Amino acid sequence: MPTRVMATGTSFIPELQAAGVMETASILIEFPSGVVVTMEADRFASYGYDQRCEVFGTEGMAQVNNPSRSAFTLANNGGYQTDVLQHSFPERFAEAYGVEIDAFLRVVAKEQEPRVTRDDVNFSAAVAEAGRLSAVNGCVVTPRLNTATDEFEFFTANGEQLAAVEEAEPMAGAVAV
């Protein structure tokens, strides 16, 4: 569990501001081992929806970059130019979604155990909520698991407990499944 979570974000679009949605956000997550994770997100980029992942350390580095619509690259004395980015997550990750669906069906058929556990999901949700609380309250947040209730609690650096979102309201027009 992270020892500290710090985040900030903003929105320049009035409709997103009114809905409490941050279109640009940054988060720093510090773990007891000393590992520090940084993430940035921005809903709008002139060159296409941008998402990347990079992990680096003393033993090497791994990256997942934004895939272009084609493998075309032009290199000349002006630098490198590539095709525009693939537009959306379904377009970029069609193969990965297929693998996820196949794995889900194998779990339902009891042919394999789920790769992601309930604890994994709860951990991710707790880190995301700590980031949201940090950005909204403008403070460092420490998430802690209350072992008596099996619920996560969130605290500021001076020990003040912050209230987490109980349950999100469904979006207007959302369809229940």
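Here is a short report on the structure shown in this document.

About the cut-offs
Here, residues in each chain are numbered from 1, in the same order as that chain's written sequence. Under the rules for a predicted model, residues below a pLDDT of 70 receive no local features and side-chain atom pairs below 80 are neither given nor counted, while totals for whole chains, interfaces and linings still include all residues. As a convention, hydrogens and water are excluded, and side-chain values are obtained from all of the structure's heavy atoms. Aromatic pairing here means that ring centres of Phe, Tyr or Trp (its six-membered ring) are within 6.5 Å. Orientation follows from the plane angle: under 30 degrees is stacked, over 60 is edge-to-face, and everything else is tilted. Throughout this description, buried means an accessible area under 20% of the type-specific maximum (1.4 Å probe, protein chains only), exposed means over 50%, and partly exposed covers the range between. To sit over a ring, a charge needs its Lys NZ or Arg CZ within 6 Å of the ring centre and within 35 degrees of the ring normal. In the cavity and pocket records, a cavity denotes points on a 1 Å grid over the protein atoms alone where a 1.4 Å probe fits but cannot get out, a pocket denotes an open set with protein on both sides within 12 Å along at least 5 of 7 lines, and lining residues are residues with an atom within 4 Å of a point. Grid points are joined across faces, edges and corners, and a volume is the space filled by probe spheres set on the points. A helix here means a DSSP run of H or I that spans at least four residues, while a strand means a run of E at least two residues long, and both kinds are numbered starting from the N terminus. Think of it as three bins: nonpolar holds Ala, Val, Leu, Ile, Met, Phe, Trp, Tyr, Cys and Pro, charged holds Asp, Glu, Lys and Arg, and polar takes everything else, Gly as well.

Quick notes on the packing of aromatic side chains
By convention here, two paired aromatic rings are described through the distance between centres and the angle between planes.
Next, step 1: Applying the stated criterion across every chain, the model contains one aromatic pair.
Next, step 2: Ring geometry for phenylalanine 89 against phenylalanine 93: centres 6.0 Å apart, planes inclined by 25°, an arrangement best described as stacked.
Next, step 3: On the basis of relative accessibility, which here comes to 24%, the residue phenylalanine 93 falls in the partly exposed class.
Next, step 4: The ring centre of phenylalanine 155 lies 4.3 Å from the NZ or CZ of arginine 144, which sits over that ring.

Section: the layout of surface pockets
Next, step 1: When its volume is computed, the largest pocket comes out at roughly 1,100 Å³.
Next, step 2: Ile27, Thr38, Met39, Glu40 and Ala41 are the residues nearest the centre of the largest pocket, which is lined by 34 residues in total.
Next, step 3: Listed by contribution, the elements that provide at least two residues to the lining of the largest pocket are strand 1 (4–10), strand 2 (24–30), strand 3 (36–42), strand 4 (53–57), strand 5 (60–64) and helix 4 (118–137).
Next, step 4: In terms of residues, the lining of the largest pocket owes the most to one element, strand 3, which gives seven residues.
Next, step 5: Taken together, the residues of the lining of the largest pocket sort by class into 18 nonpolar, eight polar and eight charged.
Next, step 6: Taken as a whole, the second largest pocket spans an internal volume of roughly 400 Å³.
Next, step 7: Of all the secondary-structure elements, those providing two or more residues to the lining of the second largest pocket are helix 4 and strand 9 (151–156).
Next, step 8: Examining the composition of the lining of the second largest pocket, we find that five residues originate from one element, helix 4, more than from any other.
Next, step 9: Partitioning the lining of the second largest pocket into residue classes produces seven nonpolar, one polar and five charged.

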